[in-house]
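Chain by chain, the residues:
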Amino acid sequence: GAGVSQSPSNKVTEKGKDVELRCDPISGHTALYWYRQSLGQGLEFLIYFQGNSAPDKSGLPSDRFSAERTGGSVSTLTIQRTQQEDSAVYLCASSLEPNEKLFFGSGTQLSVL
Amino acid sequence: KQEVTQIPAALSVPEGENLVLNCSFTDSAIYNLQWFRQDPGKGLTSLLLIQSSQREQTSGRLNASLDKSSGRSTLYIAASQPGDSATYLCAACTSYGKLTFGQGTILTVHP
């Protein structure tokens, strides 16, 4: 597609369940990023993938959060044993190279009941 | 730790006005400074990226400046239009992949 695609657009889950969020970056973009946007916290960096290098996971808030990027393209963010404080919009972005413009997807609105 | 502050938090102007949005950052060791707009319920749209070695960037009615030494960036919007209404976010890139965002300025341009 022409832009960054995220699915699902909305996800409602019960506390304690696991969820998977998917991101399809723009074709040919080497860098992929996950950010989280929540009320009162603004936008927070979660994780960054660049090519085949080890990802920068320094923004992941706990070991319940993990992400992978398969074949240098699609990425999945997994949250295990979800908590209410995980409720937020999860945004994925990609860029052609690091230090270039980021293109964001429309996000996944996660609600943990 | 990088901190980014945006002033004002909200701004309401009549159509046609020129306006300035301000962004300040505490750590001048940045790779670049980026400005985004966000429409309600949508993701972020990149507006301008200023590399650390640059002083300004222009795109249409938008002009962004960067003063690393003072830790400031401004976004200038000329001849504002109702379609410019959105939240404007600045972000400082302190290492590859990591943007630190401000809280945003909510802009309303009324006809």
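Everything numeric here is computed off the predicted structure, so don't read it as measured data.

J.: Explain the overall build of chain B to me, using residue names and the numbers behind them.
T.: Summing up its helical and strand segments, chain B has 0 helices and 11 strands in all. For 111 residues, the compact-globule estimate of 2.2 N^0.38 gives 13 Å, and chain B sits close to it at 13 Å. Across its three principal axes, chain B shows a C-alpha extent of roughly 40 × 30 × 20 Å. Within chain B, buried positions represent 43% of all 111 residues. In chain B, the share of contacts with a sequence separation of at least 24, taken over all contacts with a separation of at least 6, comes to 54%. Accessible surface, chain B: about 5,200 Å² in total, of which carbon and sulfur atoms supply 49%.

J.: Talk me through the interface of chain B and chain A; I want residue IDs and the actual numbers.
T.: Reports of interface size often rely on the accessible area that becomes lost once the parts have come together. Listed as interface residues are 20 residues of chain B and, on the opposing side, 19 residues of chain A. At the junction of chain B with chain A, the criterion picks out 1 salt bridge. Note that A:Asp56 and B:Lys98 form a salt bridge whose closest N and O atoms lie 3.7 Å from each other. Among the secondary structure elements, those contributing two or more residues to the side of chain B that touches chain A are strand 4 (32-38), strand 5 (44-51) and strand 10 (98-101) of chain B. Broken down by element, the residue count for the side of chain B that touches chain A peaks at 6 residues, all from strand 5 of chain B. Taken together, the residues of the side of chain B that touches chain A break down into 10 nonpolar, 8 polar and 2 charged.

J.: Report on the pattern of salt bridges, specifying residues and quantitative values.
T.: Between side chains of opposite charge, pairing is possible as soon as their charged atoms come close. Residue and element names in this part refer to chain B. Counted by the stated rule, this structure contains 6 salt bridges over all chains. Where Arg 61 meets Asp 84, a salt bridge forms, and the shortest distance between an N and an O atom there is 2.8 Å. One end of the pair, Arg 61, is in the loop between strand 6 (56-59) and strand 7 (62-67); the other, Asp 84, is in the loop between strand 8 (72-77) and strand 9 (86-95), and 23 residues separate them in sequence. Looking at Arg 61, the relative accessible area reads 29%, which means it is partly exposed. For Asp 84, a relative accessible area of 7% puts it in the buried group.

J.: Got a sec to walk through the sheet that holds strand 3 (residues 19-24) of chain A? Specific residues and values, please.
T.: Residue and element names in this part refer to chain A. Read from one edge of the open sheet, 4 strands run 1-3-7-6, paired in antiparallel fashion. Edge positions in the sheet fall to strand 1 (5-7) and strand 6 (65-69), since each has one partner strand and no second. In this sheet, adjacent strand axes meet at a mean angle of 15° when their direction is disregarded. Examined bridge by bridge, strand 3 and strand 7 (residues 75-79) share 5 bridges and lie antiparallel to one another. Looking at strand 7, one finds that Cys 23 is bridged to Ser 75.

J.: Explain the sheet that holds strand 3 (residues 19-25) of chain B residue by residue, including any values.
T.: Residue and element names in this part refer to chain B. Taken in spatial order, the 5 strands make up an open sheet running 1-3-8-7-6, and their pairing is antiparallel. If you trace the sheet from one side to the other, it starts and ends with strand 1 (4-7) and strand 6, each paired once. Sheet twist, expressed as the mean angle between neighbouring strand axes with direction ignored, is 15°.

J.: Any chance you could break down the packing of aromatic side chains for me, citing the residues and the numbers?
T.: Inspection of every chain in the model, using the stated rule, returns 6 aromatic pairs over all chains. When the centroid spacing of 5.7 Å and the interplanar angle of 70° are considered together, the rings of A:Tyr35 and A:Phe45 count as edge-to-face. Residue A:Tyr35 is located in strand 4 (residues 31-38), and its partner A:Phe45 is located in strand 5 (residues 42-50); the two are separated by 10 residues in the primary sequence. Note on accessibility: A:Tyr35 and A:Phe45 belong to one class, buried. When the centroid spacing of 5.7 Å and the interplanar angle of 40° are considered together, the rings of B:Phe36 and B:Phe101 count as tilted. With a gap of 65 residues between them, B:Phe36 in strand 4 and B:Phe101 in strand 10 connect regions that are remote in the sequence. Comparing B:Phe36 with B:Phe101, the two get one shared label, buried.

J.: Talk me through the environment of A:Thr30; I want residue IDs and the actual numbers.
T.: Residue and element names in this part refer to chain A. Summarising the element assignment, Thr 30 is placed in the loop between strand 3 and strand 4. By relative accessible area, Thr 30 is classed as partly exposed at 23%. Residues Thr 30 and Leu 96, spaced 66 residues apart in sequence, show a C-alpha to C-alpha distance of 5.5 Å. Look past the residues within four positions of Thr 30 in its chain and what remains in contact with it is Phe 49, Gln 50, Gly 51, Arg 69, Ser 95, Leu 96, Glu 97 and Pro 98. A polar contact of 2.8 Å, which involves the side chain of Thr 30, links it to the backbone oxygen of Leu 96.

Rules behind the numbers
Residues numbered from 1 in each chain as written. Chains lettered and ligands numbered in written order. Predicted model: local features only at pLDDT ≥ 70, side-chain atom pairs only at ≥ 80, totals over all residues. Heavy atoms only, no water. Helix = DSSP H or I, 4+ residues; strand = E, 2+ residues; numbered from the N terminus. Rg over C-alpha atoms; globule rule 2.2 N^0.38 Å. Buried < 20%, exposed > 50% of the residue type's maximum accessible area, 1.4 Å probe, protein only. Contact = heavy atoms within 4.5 Å. Areas by Shrake-Rupley, 256 points an atom, 1.4 Å probe, with all protein chains shown as cover. Salt bridge = Lys/Arg side-chain N within 4 Å of Asp/Glu carboxyl O. Nonpolar A, V, L, I, M, F, W, Y, C, P; charged D, E, K, R; others polar. Pairing = 2+ DSSP bridges. Axes fitted to C-alpha atoms, helices over the stretch in contact; angles between N-to-C directions. Phe/Tyr/Trp six-rings, centres within 6.5 Å; stacked < 30°, edge-to-face > 60°. Polar contact = N/O pair within 3.5 Å; in protein donor to acceptor, adjacent residues only side chain to side chain.

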